[in-house]
Amino acid sequence: MTVRTPCPLLALVCAVSLSACSSSEPAPPEPTPPAYNGPWEVLPELGEWVDPGAFESCPAQTSPTACNVPETLVMPDCDFGSLAGLERQGAIYRAEIRYETEVQPGTVQVFPENGGFQFDASGQPMSIMGLEPHAAIMNDERFFISSGPTSPAGRDNGYTFIGCHAQGPRSFTGCVLWCRNGTLRYRGSFRAERMTWREGEPESASLQLLSEMRVPLDTPADVYVTHGHAYVVGIDRRGSGGGLAVYNVSDPYIPVQQTTIRFGHNEYWNGVWAKDNALYVASAREGVLVFDLTNPRQPAFLRSYPGNSRVDVHTLFVEGNRLYAMSPSQKQTLIFDITQPLEPQLLTHFTYPRSMGYPHDAFAYEGRLYVNHLEDGFLVAGLDGETPALLGRYTYPHTFSHANAVGTFNGRTVAFEGGETMGSHVRVLDVTDPANIVKIGEYRLRGLASVHNMLLVGTRLYVAYYHEGVRVLDVSNPAQPREIAHYNTFRESDSNRTDGLTDGAIGIRVPGDGRIYVVDTSRGLLIFNEP
């Protein structure tokens, strides 16, 4: 692990002792972490993405007209006839893109990107990388699709995918161009796979779907269950509005919608939690919204926190008398005292001083705060002092640390961690010694999908795995997670599906009433039995 001194601190040190900063003496080596003495084998960390090499031999020199007339590209190594049998009607494909760019003569930089494209019932393209299609040629001699230019930030982006070889009716490889303002920005190769259920896997195993309710919000994102009600929050992703929807779930077979709460058209309410009669909602505009649940079917809004300024909050976590609120713009985890649940008091905050990302999720456990800090990695802070102090950090190639859950196994502290990017999966870490975190296990499915949220209950880990649906793992031996149940919530035919990475099972709760509550971005609220 490389520790970089932040620029402000370096400037201060130089101001105090100029001679020390100008010294040619090498810096002392970082201390070597102690040898791992836990009960499990230490596994190598390869990260979320490992370069597979080029998927196709794509043209190294692209003509100046390629962005305007990409269909004229000469690609002699392609077997276009193999693409004739590709399934297209109603299909959603996810793509792993391997871009190449020449940073200097003779030096090529490689980086990954996730992509996708979607077809309508007649087999014509509906979207490409989330953009409207511009041109398409799909026949026995050619597979070419291109997005139209769009200017969300004053820049015209366009993507072109040219198929080369099919490996079957649901997977193929080819070449890709990313153009901006009519000029080639990046070129590369890709592999694409139709996002049907995994080959040979049924819709469900050991999970019974008790009920399914559409949620009248743009994109449902999270759920919390208390007082016999499920509180579902949603974000405004398509322009039809987010907010809060309330369901009476006393009969899990027949949930009854009670009310929907919106403050405006463009709500972005992404997280929800509760303590006693207080319901907390994470708002991208107003921070933490506090509702009174004295009448559970009709939450009464009280106020927003911190209240003295507009602060965005993306996710929430409650443990004991503390509420943790993660703020992307502030790059802080805000910590509130909720001894009086309806009147949170801001106590302090945790800030990572060398931040490139921001806190997405956090989990408090036995005096420590475990923070998913996106590009900065997985952070562990101590909660003993007045201000949380960093104890350790875990990173890996293509880091985008996103969610976690922590527990005790064999007398050691174990964290289950996952990202939100192509190839992200459940990573099992022994965090007993925060200064020497090691990987001891993992659970991964298809590399074109992403894990999202996870919840640890006893020795079971419940995972909302986007395209892979709901996965239930036995983690009694955390080094060897074992799947014991699943339900594939993702269906291409569901309304509002997209070609994006973040479609499918997104939120999950297991409140201890014998049921699992899951939010799917298109299907809404789904209630299952516990296996």
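Residues numbered from 1 in each chain as written. Predicted model: local features only at pLDDT ≥ 70, side-chain atom pairs only at ≥ 80, totals over all residues. Heavy atoms only, no water.

## Here we look at the overall build of the protein
- Within the protein, the secondary structure is distributed over two helices and 37 strands.
- For 531 residues, the compact-globule estimate of 2.2 N^0.38 gives 24 Å, and the C-alpha radius of gyration of the protein, at 25 Å, lies within 12% of that figure.
- Scored against the burial criterion, the 531 residues of the protein give a buried share of 53%.
- In the protein, of all internal contacts separated by at least 6 residues, the share reaching a separation of at least 24 is 53%. (Helix = DSSP H or I, 4+ residues; strand = E, 2+ residues; numbered from the N terminus. Rg over C-alpha atoms; globule rule 2.2 N^0.38 Å. Buried < 20%, exposed > 50% of the residue type's maximum accessible area, 1.4 Å probe, protein only. Contact = heavy atoms within 4.5 Å.)

## Points about the sheet that holds strand β32 (residues 460-464)
- Judged by pairing direction, the sheet is antiparallel, and its five strands sit side by side in the order β9-β34-β33-β32-β31 without closing on themselves. Bordering the open sheet on either side are β9 (204-205) and β31 (453-457), each of which pairs with just one other strand.
- Note: β9 against strand β34 (residues 482-487), two bridges, orientation antiparallel. Counterpart to Ser 204 in the pairing with β34 is Tyr 487. (Pairing = 2+ DSSP bridges.)

## Side note on empty space enclosed by the protein
- Under the criterion given, the structure shown has one cavity of 30 Å³ or more.
- Here the largest cavity defines a volume of roughly 60 Å³.
- Around the largest cavity, the lining comprises 11 residues; the ones closest to its centre are Cys 58, Pro 59, Cys 175, Val 176 and Leu 177.
- A breakdown of the residues in the lining of the largest cavity according to their chemical character gives eight nonpolar, two polar and one charged. (1 Å grid on protein atoms, 1.4 Å probe; cavity = no way out; pocket = protein on both sides within 12 Å on 5 of 7 lines; lining within 4 Å. Points joined across faces, edges and corners; volume = space filled by probe spheres on them. Nonpolar A, V, L, I, M, F, W, Y, C, P; charged D, E, K, R; others polar.)

## Describing the pattern of salt bridges
- Enumeration over the complete set of coordinates arrives at 31 salt bridges.
- Between Glu 96 and Arg 191 there is a salt bridge, with its nearest N and O atoms 2.6 Å apart. Of the two residues, Glu 96 is situated in strand β1 (residues 92-104) and Arg 191 in strand β8 (residues 183-194); the sequence distance between them amounts to 95 residues.
- For Glu 96, a relative accessible area of 7% puts it in the buried group.
- A residue is classified by how much of its surface remains accessible, and Arg 191, at 26% relative accessible area, is partly exposed.
- One salt bridge connects Arg 187 with Glu 100, and the closest N-O pair in it is separated by 3.4 Å. Pair noted here: Arg 187 is in strand β8 and Glu 100 is in strand β1, with a separation of 87 residues, a long-range link. (Salt bridge = Lys/Arg side-chain N within 4 Å of Asp/Glu carboxyl O.)

## Points about the packing of aromatic side chains
- In the structure shown here, the tally under the stated rule is 32 aromatic pairs.
- Ring geometry for Trp 178 against Tyr 186: centres 5.4 Å apart, planes inclined by 55 degrees, an arrangement best described as tilted.
- Trp 178 gets classed as buried once you look at its relative accessible area, which sits at 11%.
- For the pair Trp 273 and Phe 317, a centre-to-centre distance of 5.0 Å together with 65 degrees between the ring planes defines the contact as edge-to-face. (Phe/Tyr/Trp six-rings, centres within 6.5 Å; stacked < 30°, edge-to-face > 60°.)

## Details of a nonpolar patch on the surface
- On the surface, Tyr 253, Ile 254 and Val 256 cluster together to form a nonpolar patch covering roughly 310 Å² of accessible area.
- Here Val 256 lies in strand β14 (residues 256-261).
- Residue Val 256 is classed as partly exposed on the basis of its relative accessible area of 41%. (Patch = residues over 30% accessible without salt bridge, like charges linked within 9 Å, V, L, I, M, F, W, Y side chains within 5 Å. Areas by Shrake-Rupley, 256 points an atom, 1.4 Å probe, with all protein chains shown as cover.)

## Description of the pairing of strand β20 (residues 322-327)
- Burial of β20 is extensive: five of the six residues sit out of reach of the surface.
- The pairing of strand β19 (residues 315-319) with β20 spans five bridges and is classified as antiparallel. The residue bridging Leu 316 from the neighbouring strand is Ala 325, located in β20.
- Hairpin remark: β19 followed by β20, antiparallel, with two residues in the connecting loop; positive phi at Gly 320, about 60 degrees.
- Examined bridge by bridge, β20 and strand β21 (residues 332-337) share six bridges and lie antiparallel to one another. Note on β21: the bridge partner recorded for Arg 322 is Asp 337.
- Here β20 folds back onto β21, and the loop between the two strands holds four residues, one of which, Lys 331, carries a positive phi near 55 degrees.

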